[in-house]
Amino acid sequence: MYKTLIVDDEEGILFSVKSYFANNGFEVATASNLDEAYTHIHSRSFDLYIFDVMLPDGNGFSFCEKLKSQGDTTPVVFLTAKVAEEDQLKGFGIGADDYVVKPFSLAVLLKRCTLIIERAKGIRSKGIIKSGDITIDTISGDVFVDGKKIILTHRELEVLKYFIEKKNTV
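Reading the values: rules and limits
- Residues numbered from 1 in each chain as written.
- Predicted model: local features only at pLDDT ≥ 70, side-chain atom pairs only at ≥ 80, totals over all residues.
- Heavy atoms only, no water.
- Helix = DSSP H or I, 4+ residues; strand = E, 2+ residues; numbered from the N terminus.
- Buried < 20%, exposed > 50% of the residue type's maximum accessible area, 1.4 Å probe, protein only.
- Contact = heavy atoms within 4.5 Å.
- Lys, Arg positive; Asp, Glu negative; His and termini not counted.
- Charge placed at Lys NZ, Arg CZ, Asp CG, Glu CD.
- Patch = residues over 30% accessible without salt bridge, like charges linked within 9 Å, V, L, I, M, F, W, Y side chains within 5 Å.
- Areas by Shrake-Rupley, 256 points an atom, 1.4 Å probe, with all protein chains shown as cover.
- Salt bridge = Lys/Arg side-chain N within 4 Å of Asp/Glu carboxyl O.
- Expected span 1.5 Å × (residues − 1).
- Polar contact = N/O pair within 3.5 Å; in protein donor to acceptor, adjacent residues only side chain to side chain.
- Axes fitted to C-alpha atoms, helices over the stretch in contact; angles between N-to-C directions.
- Parallel < 35°, antiparallel > 145°, perpendicular 65-115°, else oblique.
- Left-handed = near helix turned anticlockwise from the far one by under 90°.
- Nonpolar A, V, L, I, M, F, W, Y, C, P; charged D, E, K, R; others polar.

**Comments concerning the overall build of the chain**
Piece 1. Within the chain, the secondary structure is distributed over 6 helices and 12 strands.
Piece 2. Projected onto its principal axes, the C-alpha coordinates of the chain cover approximately 55 × 30 × 30 Å.
Piece 3. The 170 residues of the chain split such that 39% are buried.
Piece 4. At a minimum sequence separation of 6, the contacts of the chain that also span at least 24 residues come to 55%.
Piece 5. Charge centroids of the chain, computed over 21 positive and 25 negative side chains, lie 7 Å from each other.

**Things to note about a nonpolar patch on the surface**
Piece 1. Together, Val-145, Ile-150 and Leu-152 make up a nonpolar patch on the protein surface, roughly 180 Å² of accessible area in all.
Piece 2. With respect to the helices and strands, Ile-150 occurs in strand 12 (residues 148–150).

**Here we look at the pattern of salt bridges**
Piece 1. Applying the stated criterion across every chain yields a total of 8 salt bridges.
Piece 2. Across the salt bridge formed by Lys-82 and Asp-87, the nearest N and O atoms sit 3.8 Å from each other.
Piece 3. Taking relative accessible area as the criterion, Lys-82 reaches 25% and is therefore assigned partly exposed.
Piece 4. Given a relative accessible area of 17%, Asp-87 falls into the buried group.
Piece 5. The salt bridge partner of Arg-112 is Asp-98, with a shortest N-O separation of 3.4 Å. Residue Arg-112 is located in helix 5 (residues 106–121), and its partner Asp-98 is located in strand 7 (residues 98–101); the two are separated by 14 residues in the primary sequence.

**Overview of helix 5**
Each α-helix turn comprises 3.6 residues. Residues three or four places apart therefore point the same way.
Piece 1. Spanning 16 residues, helix 5 covers 22 Å between terminal C-alpha atoms, matching the ideal 22 Å at 1.5 Å per step.
Piece 2. Of all the residues in helix 5, the buried ones are Leu-109, Leu-110, Cys-113, Thr-114, Ile-116, Ile-117 and Glu-118.
Piece 3. Among the residues of helix 5, the N-terminal cap falls to Ser-105, whose side-chain oxygen and the backbone nitrogen of Ala-107 are separated by 3.3 Å.

**With respect to unusual backbone geometry**
Piece 1. Pro-103 follows Lys-102 through a cis peptide bond whose omega is -5°.
Piece 2. Here Pro-103 is to be found in the loop between strand 7 and helix 5.
Piece 3. Positive phi is not limited to glycine here, since Asp-146 has a value of about 50°.
Piece 4. Following the sequence through the fold, Asp-146 ends up in the loop between strand 11 (143–145) and strand 12.

**Thoughts on the packing of helix 1 (residues 11–23) against helix 5**
Piece 1. With their axes 10 Å apart at the nearest point, helix 1 and helix 5 run at an angle of 60° to one another. What the angle tells us is that helix 1 and helix 5 run oblique. In terms of crossing hand, the pair formed by helix 1 and helix 5 is right-handed. Every residue of helix 5 that contacts helix 1 at Ser-16, Val-17, Tyr-20 and Phe-21 is listed here: Leu-106, Ala-107, Leu-109, Leu-110 and Cys-113.
Piece 2. Grouping the amino acids of the contact of helix 1 with helix 5 by side-chain chemistry returns 8 nonpolar, 1 polar and no charged.

See below:
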């Protein structure tokens, strides 16, 4: 179960994203301002932050910069109405892993966030999925356990990938 903090001052966005992510196995905390976000961040760890840029008590860009300067390596996705190219470039320049413009698709946002978390955790990298001693090359379909190749049927491979990708989910 991946832990995500969503910081947005629009209640509709917070509710929609929180509900969709929670229904897909995420543990979600929300904050409507940077003060609340700071409290959440210092009380527990997260696998991903989703920040709006324009918040009532500050700027998501500045907040992200502050966290990164303090050594926080948690991946960041900006979810904002700011569509200008210079804003997007600024977001990436300060360490964002993705920049999503409102309106957006919940399904696409979830997929982007999942992939970012998996890359950050070393679970998925360029077609490779790893979990413990198991390595799956999703391009070739090869599976290795302790470095030894094993042969699986297509169905077995899909079930194994599913269990690895949904680790810690009932």
